[in-house]
Amino acid sequence: MENMEFALPLEKWYLKNKRNLPWRDTTDPYVIWVSEIILQQTRVAQGLDYFNRFMSRFPDVVSLAEAEEDEVLKYWQGLGYYSRARNLHTAARQIVRDFGGRFPDNNKEVRSLKGIGEYTAAAICSFAYRQPYAVVDGNVYRVLARLFDIDVPIDSTQGKKIFAKLASELLDKKHPDLYNQAIMELGALQCVPRSPRCELCPLVSKCLSVVSGRVDKLPVKQSKPVVKPRFFNYFCVFYGKDIWIRQRTGEDIWKNLYEFVLIETDREYSFEELQHTEEYDRLFRGAGHIKITALPLQKRHVLSHRIINACFYTLEIENIPEGLSEYMRIPYEELDHFAISRLTHIYVEQQMRHIKEQTLWG
């Protein structure tokens, strides 16, 4: 298939059917970059509000670079995959330090920035600078796999090479920005994972998987990685109106976000069982009378490679135990100043109204 035979009807369809989104109709590389990072692992409907809020606070690369990481994470709260926010912040500081605050305008320099890989660099360079780099995301993989009836797994080494080469060959090099937006939009709106509307597709007459009857079977992926369960037992510990939190460190989920007192176990424990663990004794020895002031909240939180089975306990203690010294004591009302995971935020939303009604707030 000649590339313009493919590109022209696709681009015509896009101009008629595209969604009106704030990161389109701009050539500002910073705006495009932020939008691309937010939309990784995030649906447009969810990401739009975050994008608008983020851009309102950090309208340019300098404002982002000058911010503290805690504030950047707070504005990212709820989006998940927080390494994206940390990388965004680090890269903004790279741009200020290494490029004088000017976003680089060639692919090699763009790819030198923290958190920017081949896909994101291609998107920025084609949308902002109209350079001929083909963008290959999940939507593009799906469109190309179906259009050419390719059953090589898209996440295999061979598959990545095949699709990258094909995407580059089909690219409209005179209008790479328009073409890339068009093929991504086709995958997002029409050539969707389930029940695609093939009869409305501008490329249906050229689609080999329509002929083979394999549309719903493509694209193919390799076997999924094993998702491991983890068991988090959280304690929102009150002493008067104060609580204890700490920042997560190390190379683990939710790095640099804040959390309540935590005991992680190898399986689901009841509260009685937790009370008999060494970690509970270490944390709460000397706390005096411990009162549960709200019903425990159990939540199952699914991440890309982990399933978090969490239980939140709301406690009131009589004395301050030495075991909590590794945590930071803050007034509960200041909790909103700290970036927390979406899982913890769910607990806060659902349980705090009940807590405020208790006598400890009198």
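Residues numbered from 1 in each chain as written. Predicted model: local features only at pLDDT ≥ 70, side-chain atom pairs only at ≥ 80, totals over all residues. Heavy atoms only, no water.

Draft legend 1. Main features of the environment of Phe-163. In this fold, Phe-163 is placed in helix H10 (residues 157–170). Considered as a pair, Phe-163 and Thr-26 are 137 residues apart in the sequence and their alpha carbons are 28 Å apart. Discounting residues that sit within four places of it in the chain, Phe-163 has contacts with Val-136, Tyr-141, Leu-144, Ala-145, Ile-150, Val-152 and Ile-154. (Helix = DSSP H or I, 4+ residues; strand = E, 2+ residues; numbered from the N terminus. Contact = heavy atoms within 4.5 Å.)

Draft legend 2. Structural view of the side chain of Glu-11. Among the secondary structure elements, Glu-11 is positioned in helix H1 (residues 3–17). Those residues in contact with Glu-11 that lie beyond four places of it in its chain are Asp-172, His-175, Leu-178, Tyr-179 and Ala-182.

Draft legend 3. Just the nonpolar core, in detail. In this structure, Trp-33, Phe-235 and Phe-260 are the most contacted members of the largest nonpolar core, which totals 114 residues. In this view, Phe-235 contacts Phe-260, Val-261, Ile-263, Phe-271, Leu-274, Tyr-280, Phe-284, Tyr-313 and Leu-315; residues no more than four positions away in its chain are not counted. (Core = buried A, V, L, I, M, F, W, Y, C linked by side-chain atoms within 4.5 Å. Buried < 20%, exposed > 50% of the residue type's maximum accessible area, 1.4 Å probe, protein only.)

Draft legend 4. Broad picture of helix H8 (residues 118–129). Between the first and last C-alpha of H8 there are 16 Å, a value that for 12 residues agrees with the 16 Å anticipated at 1.5 Å per step. With 9 of its 12 residues buried, H8 lies for the most part within the structure. What H8 keeps buried is the set Thr-120, Ala-121, Ala-122, Ala-123, Ile-124, Cys-125, Ser-126, Phe-127 and Ala-128. For H8, the elements touching its buried residues are helix H2 (29–39), helix H7 (107–111) and helix H11 (176–189). Backbone geometry just after H8 places Arg-130 at a positive phi near 55°. (Expected span 1.5 Å × (residues − 1).)

Draft legend 5. Spatial organisation of the environment of Ile-317. Checked against the element boundaries, Ile-317 lands in strand E6 (residues 306–317). A sequence separation of 182 residues divides Ile-317 from Val-135, and the C-alpha atoms of the two residues are 55 Å apart. Every residue in contact with Ile-317, bar those within four places of it in the chain, is listed here: Val-237, Phe-238, Tyr-239, Trp-244, Ala-287, His-289, Ile-290 and Leu-324.

Draft legend 6. Molecular detail of the side chain of Arg-146. Turning to its location among the elements, Arg-146 is positioned in helix H9 (residues 138–147). Look at Arg-146: it is buried, it has no salt bridge, and the nearest opposite charge is Asp-216 at 4.8 Å. A polar atom in the side chain of Arg-146 sits 3.1 Å from the backbone oxygen of Leu-218. For Arg-146, the contacting residues outside a window of four places in its chain are Cys-191, Val-192, Pro-193, Pro-196, Cys-207, Leu-208, Ser-209, Val-215 and Leu-218. (Lys, Arg positive; Asp, Glu negative; His and termini not counted. Salt bridge = Lys/Arg side-chain N within 4 Å of Asp/Glu carboxyl O. Polar contact = N/O pair within 3.5 Å; in protein donor to acceptor, adjacent residues only side chain to side chain.)

By themselves, these observations are geometric and do not establish any function.
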